[in-house]
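# Summary of structural features
This is what each chain is made of:
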Amino acid sequence: AQTRQETQFKAPRQRVEDFEELHEYRGRKRKEFEERIRRTPGNLKEWTSYASWEASQGEHDRSRSVYERALEVDARASKLWLSYVEMELKARNVQHARNLLDRAVTLLPRIDLFWYKYVYLEELLENIPGARQVFERWMAWEPEDKAWSAYIKMEERYQELERASEIYKRWVAVRPEPRIWVKWAKFEEERGMIDRARDVYETALRFFGDEEEEVDKAQAVFAAFAKMETKIKEYERARVIYKFALSRLPRSKSVNLYGAYTKFEKQHGTRTTVEATVWNKRRIQYEEEVTNDPFNYDTWFDFARLEEDAYRTLRDDGEDEDQLEKAVDRVREIYERAVAKVPLANEKRAWRRYIFLWLFYAVFEEVETKDYARARDIYKAAISVVPHKQFTFSKLWLQYARFEVRRLDITTARKVLGTGIGMSPKEKLFKGYIELELELKEFDRVRTLYQKYIQHDPSNSTAWISFASLEGALQDTARARAIYELGISQQTLSMPELLWKSYIDFEVTEGGYERDRARVRSLYERLVERTGHVKVWISWALFEGTTLKPPVEEEEGEEPSEEDEGLPADLEKAREVFERGYKELKSRGLKEERVVLLEGWMKFEQESGTDEDVARVQARMPQVTKRWRKLDTGDMEEYWDILFADDEREANPATFKFIQNALAWRNKDGTAKTGGMLAELLAEGDDDDDDESDSGDEGIARKQVNDNDEGEDDDDDDDDDDERSSNEGERMER
């Protein structure tokens with residue numbers, strides 16, 4: 001494709017031999033340029049090309065003529081003016097260039113490029129007064145900041161610092177923005193004029209004023225002013241400047257200024273000032289959070305705790321009363337704003353965090369400010385806010401009552417708790433009221449409260465136990481027994497086992513004093529009739545097997561007396577209880593419970609009985625064996641069964657007698673494990689019984705062990721009894 005492309009046409013290169021040919025060439029070119037600008041007079045590129053060609057031919061007068069004709073067409077074309085000036089400068093016609101630039105800035109004063117070119121030309125020619133004059137003409141038009149900066153930099157280059165300062169003064173008059181004031185002040189600071197720089201900052205602050213919007217606008221001036229004072233080690237001046245600005249700005253608008261102040265205090269402040277700065281910074285953060293989510297009570301807690309810490313720090317540092325009063329007012333303001341955000345939903349879950357705001361508020365007034373009247377008003381306001389018909393808070397009532405007790409107003413405390421119980425009776429309220437009366441040793445009032453408590457919730461076992469324990473502590477045994485009897489006679493109880501246990505423990509203690517087990521036995525009799533639980537049988541038996549002693553209160557420096565040994569244990573009675581419980585559980589078919597009972601019995605015999613007693617209980621211990629049963633679907637299921645020796649003896653007495661004889665014969669050498677073999681034989685006996693009863697069923701799988709020892713009898717007998725005896729003999733030999 002490249003080989004087929006046509007070569008671009010190039011005009012032939014002409015060689016001029018004499019002036020006649022040169023004039024002819026120039027005339028032809030001028031005719032072409034004139035024809036072009038005649039066709040497109042608005043095309044400035046043609047005019048520029050024409051003028052540049054004339055200049056290249058050394059015809060500067062003709063070039064000027066072309067430029068002038070072009071300017072008549074469009075006098076606002078900046079590129080045309082620049083090209084005109086460049087032509088004059090290349091031709092070293094400086095005066096012409098000056099004139100052109102003067103005409104350009106006069107005609108187009110808002111084009112900064114002409115001014116920059118004009119100033120650069122004058123400075124290049126070292127005509128500094130002329131350059132200054134050009135700048136003055138430019139500044140009269142109030143140009144942008146770059147022009148003012150260029151004027152100042154020129155004066156700085158020639159060490160005319162006073163002139164530069166005056167230019168800054170005129171600049172801030174034209175455009176009084178904070179950054180320009182800061183530039184002026186930094187300029188004075190860099191040249192070592194600290195007092196003048198301070199005057200500049202002060203003038204700027206007076207100019208902006210003390211209103212919130214004006215101070216917000218002048219934050220950069222405050223920050224720069226404080227930094228300058230910090231540089232020259234005027235720390236108190238810097239601190240005053242920061243505080244002045246921050247005191248007139250809202251916390252949400254002064255984040256950056258607070259950051260600078262925090263950094264300043266960390267570097268040059270004391271512990272108190274650093275803490276105050278950090279607190280102010282955190283106040284801004286909390287204000288933003290509570291503004292975004294006013295129902296976030298955790299943020300209110302943190303905010304209030306911050307103000308409380310600030311108050312305590314000021315108090316510990318010995319600040320004056322005015323500062324402390326302001327700190328207290330800030331704390332109260334935060335709490336008042338927080339408690340005003342009442343939850344929108346009447347659900348206790350939404351009120352749980354909110355109610356603590358009232359409690360913390362009241363505690364602050366009571367503990368920190370000692371304003372007890374205000375604390376009382378806070379408690380009353382909190383109680384009036386809570387919708388007690390839907391729900392209540394026991395902690396609120398109890399805290400209010402405790403406050404009145406601390407104020408030694410017991411009557412008001414009782415009224416508060418009575419009102420709380422009347423409006424919304426709760427278990428915590430009853431317990432708190434009872435605890436208060438116990439501390440006051442008002443036992444008659446405590447009895448009355450317990451009666452109200454039980455009337456409110458007769459199924460509460462804890463209430464019955466506490467009431468009876470109170471009477472027991474007061475040595476009123478008859479009352480205690482009557483309360484226990486009323487409690488266990490209730491149709492429904494939350495935890496009846498606790499009430500029975502407490503009653504039994506009470507009678508055990510009293511039995512130790514009276515040296516009598518009759519009441520405890522009667523209770524156990526009633527309990528086993530009602531429940532028959534295995535733990536009740538074990539507890540009863542262990543009670544019978546324990547020495548009954550009254551509780552001894554040892555005094556300091558004295559050893560317990562050995563005169564009263566108490567009521568001795570009745571081991572036979574304990575065994576009777578175990579036996580009775582075992583039979584009862586056996587009659588009800590509870591195998592697991594029987595195992596638990598035997599384990600407890602075994603432990604009892606190991607601690608209190610002889611080896612024969614232990615062996616007797618051990619003989620009753622069951623064995624666990626794997627068995628099969630047929631499901632309704634016809635499939636076989638494997639399960640673990642508990643086998644008791646006495647059950648087998650009663651069910652199959654003949655088989656059991658045979659097994660006993662076999663075991664006696666096998667144990668002559670004393671090496672066999674009776675329990676394991678007994679379980680195996682019982683399991684085999686059970687399997688054989690199942691074979692007889694289910695001989696017609698098909699698909700029943702049983703595990704059979706057939707060993708071929710040397711002494712095995714290979715003769716098969718048609719009689720089933722002989723075959724069973726033969727198999728048993730083989731098992732014995734194994």
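Everything in this summary refers to the structure shown in the same document. (Residues numbered from 1 in each chain as written. Predicted model: local features only at pLDDT ≥ 70, side-chain atom pairs only at ≥ 80, totals over all residues. Heavy atoms only, no water.)

## Some words on the overall build of the protein
Secondary structure assignment for the protein yields 36 helices and two strands. Taken across its 734 residues, the protein has 39% of its residues classed as buried. Relative to all contacts within the protein whose residues are 6 or more apart in sequence, the contacts with residues 24 or more apart total 50%. Only carbon and sulfur atoms are counted for the fraction: they give 47% of the accessible area of the protein, which is about 43800 Å². (Helix = DSSP H or I, 4+ residues; strand = E, 2+ residues; numbered from the N terminus. Buried < 20%, exposed > 50% of the residue type's maximum accessible area, 1.4 Å probe, protein only. Contact = heavy atoms within 4.5 Å. Areas by Shrake-Rupley, 256 points an atom, 1.4 Å probe, with all protein chains shown as cover.)

## Re the packing of helix α19 (residues 348-367) against helix α21 (residues 394-406)
Here α19 crosses α21 at 10°, and the two axes come no closer than 11 Å. Relative to α21, α19 is oriented roughly parallel. Side by side, α19 and α21 meet where I355, F356, L359 and E366 of the first sit next to K395, L396, Q399, F403 and R406 of the second. Taken together, the residues of the contact of α19 with α21 sort by class into five nonpolar, one polar and three charged. (Axes fitted to C-alpha atoms, helices over the stretch in contact; angles between N-to-C directions. Parallel < 35°, antiparallel > 145°, perpendicular 65-115°, else oblique. Nonpolar A, V, L, I, M, F, W, Y, C, P; charged D, E, K, R; others polar.)

## What to know about the environment of E289
Residue position: E289 is located in helix α16 (residues 271-292). Relative accessible area serves as the criterion here: at 31%, E289 is assigned to the partly exposed category. For the pair E289 and W300, spaced 11 residues apart in sequence, the C-alpha separation works out to 9.2 Å.

## Let's talk about the nonpolar core
Counting residues in hydrophobic clusters, the biggest one holds 102 residues, and the most contacted among them are L357, L396 and L597. Counting 75 residues, the second-largest nonpolar core is a separate cluster that includes W81, I152, V182 and A197. (Core = buried A, V, L, I, M, F, W, Y, C linked by side-chain atoms within 4.5 Å.)

## Concerning helix α4 (residues 78-90)
With 13 residues, α4 ought to run about 18 Å at 1.5 Å a step, and its terminal C-alpha atoms sit 18 Å apart, in line with that. Listed in full, the buried residues belonging to α4 are L80, W81, L82, S83, Y84, V85, M87 and E88. The elements touched by buried residues of α4 are α2 (44-56), α3 (60-73), α5 (94-107) and α6 (112-124). Positive phi shows up at R92, right after α4, with a value of about 60°. (Expected span 1.5 Å × (residues − 1).)

## Quick look at the packing of helix α23 (residues 427-439) against helix α24 (residues 443-456)
In contact at an axis separation of 9 Å, α23 and α24 are set at 170° when each is read in the N-to-C sense. Judged by the angle between their axes, α23 and α24 are roughly antiparallel. On the side of α23, the interface is formed by E427, F430, K431, Y433, I434, E437 and L438, while α24 contributes F443, R445, V446, L449, Y450, K452, Y453 and H456.

## A short note on the side chain of D145
Take D145: it is sitting in helix α8 (residues 145-157). Relative accessible area serves as the criterion here: at 15%, D145 is assigned to the buried category.

## A word on the pattern of salt bridges
For the coordinates displayed, the defined rule picks out 64 salt bridges. Of the charged contacts in the structure, one is a salt bridge between E34 and R69, with a shortest N-O distance of 3.0 Å. Placement of the pair is E34 in helix α1 (residues 19-39) and R69 in helix α3, with a sequence separation of 35 residues. The closest approach of N and O atoms between R315 and D316, which form a salt bridge, is 3.9 Å. On the basis of relative accessible area, R315 is assigned to the partly exposed category, the value being 33%. With relative accessibility at 61%, the residue D316 sits in the exposed group. Through salt bridges with shared partners, one network takes in E308, D309, R312, R315, D316 and E368. (Salt bridge = Lys/Arg side-chain N within 4 Å of Asp/Glu carboxyl O.)

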